[in-house]
Amino acid sequence: MADLSREFQKSIQAMGLTQDGLKQAVFYCAPIGLRFEIGGKESVYQEDAQDDAVEPHSLDMTMQQAHGRAQSSVNPDYFYNALCRAASLYAALPSEPDILRIDLRGECLESRQSCLELCAHLGMPPASEHTQENDPDGYPYTAFYWSISDLSPDIPDRLIREIIMADLGGNSLLSSSVYFLNVSSGLLYHLYDDRGADLIAASRTALWPFYHRFQIWLLSYNRKKMDELFLDYENSWHTVKDQEDVDHLLQVYGGFHDSCLVSTAYTSGCGVDEKGAMYCGMPDQKVLHMTFHSQWTRQPLELCFSGVRMFHIAGWQEDRFCEILDCYLKFHTDLIRGGDTRLIVWADSDCFSPYRTKSEALLDESMDTYVAAESLKWRFL
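Residues numbered from 1 in each chain as written. Predicted model: local features only at pLDDT ≥ 70, side-chain atom pairs only at ≥ 80, totals over all residues. Heavy atoms only, no water.

1. Things to note about the overall build of the protein chain
Let me state the cut-off plainly: Note on conventions: DSSP H or I runs of at least 4 residues are helices, E runs of at least 2 residues are strands, and numbering of each starts at the N terminus. Residue burial is assigned from relative accessible area. The probe radius is 1.4 Å, only protein chains are included, and a residue is buried under 20% of its type maximum, exposed over 50%, and partly exposed in between. In this description, contact between two residues means that some pair of their heavy atoms is separated by no more than 4.5 Å. What sets the accessible areas is the Shrake-Rupley method with a 1.4 Å probe; for residues, cover comes only from the shown protein chains.
Scanning the protein chain from terminus to terminus reveals 8 helices and 18 strands. By the burial criterion, 46% of the 381 residues in the protein chain qualify as buried. By sequence separation, contacts in the protein chain at least 24 residues apart represent 67% of the contacts at least 6 residues apart. Total accessible area on the protein chain is roughly 19300 Å²; 51% of this is exposed by carbon and sulfur atoms.

2. So, the pattern of salt bridges
Selection criterion: What makes a salt bridge here is a side-chain nitrogen of Lys or Arg within 4 Å of a carboxyl oxygen of Asp or Glu, nothing more.
A full pass over the atoms with the stated rule returns 9 salt bridges. Note that aspartate 198 and arginine 35 form a salt bridge whose closest N and O atoms lie 2.7 Å from each other. Here aspartate 198 is found in strand 9 (residues 196-201), whereas its partner arginine 35 is found in strand 1 (residues 33-37), with 163 residues between them in sequence. The closest approach of N and O atoms between arginine 158 and aspartate 154, which form a salt bridge, is 2.7 Å.

3. Observations concerning the packing of aromatic side chains
Formally: Think of it this way: a Phe, Tyr or Trp ring, Trp meaning its six-membered ring, pairs with another when their centres are within 6.5 Å, and the plane angle makes it stacked under 30 degrees, edge-to-face over 60, tilted otherwise.
Taken as a whole and judged by the stated rule, the model has 21 aromatic pairs. Here phenylalanine 36 and phenylalanine 214 contribute two aromatic rings whose centre-to-centre distance is 6.4 Å and whose plane-to-plane angle is 90°, an arrangement assigned as edge-to-face. Placement of phenylalanine 36 in strand 1 and of phenylalanine 214 in the loop between helix 6 (204-213) and helix 7 (223-229) is noted, with a sequence separation of 178 residues between them. For the ring pair tyrosine 253 and phenylalanine 256, a centre distance of 5.0 Å and an interplane angle of 75° mean the geometry is edge-to-face.

4. Details of the side chain of histidine 332
Using the following cut-off: Identification of polar contacts relies on pairs of N or O atoms within 3.5 Å, with a donor-acceptor requirement for protein atoms, meaning one able to donate a hydrogen and the other able to accept it, and with residues adjacent in sequence counted only if both atoms are side-chain atoms.
Looking at where histidine 332 falls in the secondary structure, it is placed in strand 16 (residues 328-332). Judged by its relative accessible area of 10%, histidine 332 falls in the buried class. There is a polar contact of 2.6 Å between the side chain of histidine 332 and the side chain of tyrosine 328.

Okay, structure coming up:
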């Protein structure tokens, strides 16, 4: 990606941010954003820790003495849980970020030297671009840019680890200085230190999956502002019109991982009136409602299929648990012979195929729950 700095500026402007906004608490400068508590409830430090108390995956042994506390070390549980939260938010981004930006304080020559030392420490190539800036108080800093596709895949994980350690005895230059930008999704991920992270977007739609999926990590101090942002988004029906909508639903609900089907309700539109006349109902009157619970999402999800052509609900199976690990959700135009009617198909396994044939001994098979219908909409209850 050419001209990284210009693309970065263009993207943050679409989010309602200015260059100065990045040097403050980004969440408070952005119209649409979420703020997450990264540090957990554990104590940050542990007193009189023994060398064998620090697990290899948790801390670099050279970083134990933090902030001059000679008899203290960073609590490995605190560090590990903060690292897991920060990495989980990064992993939940809809795609790999495009641009990495790191702001380093000081005059140009000083900050460039700091950047070279940082790159050597992390195994990163030199920055592709840099721009000299001044913060709102007039202090100089340099913004360095990398195309993430040019970096080795483990660099984001290394950076996240270093940011968590920035105020705990690590490289303090990385505190509140690192930004991951996803241009196509319009998302800016800013992990500022071990305490918290901001996620900024150009639209509420991009943030909704994170608001819903990571409710428990939202910073309580700013919770009211974040809830108000999505006040009219909760409980609203969302129509699945295309593949982008399919991807959005799967992202919002974690691909249906660790969920289960709670209830169904089907109406056919058929009936007999008081005169004995029978009505067969129109396609859009054949409606199936399905309610799901998830171990990862706090509210039940309701799917509403209309124009239902076929559905199958698997009941009790001796060799199968009720848990849904993944799902199948795709559009098809070749399921009705002699036509090109577009149908959407959902099933409780991504191994499902709407083209397979069933044997006669149907109940001897591992059964799927599935639906084929003309349209789908969803909401949280």
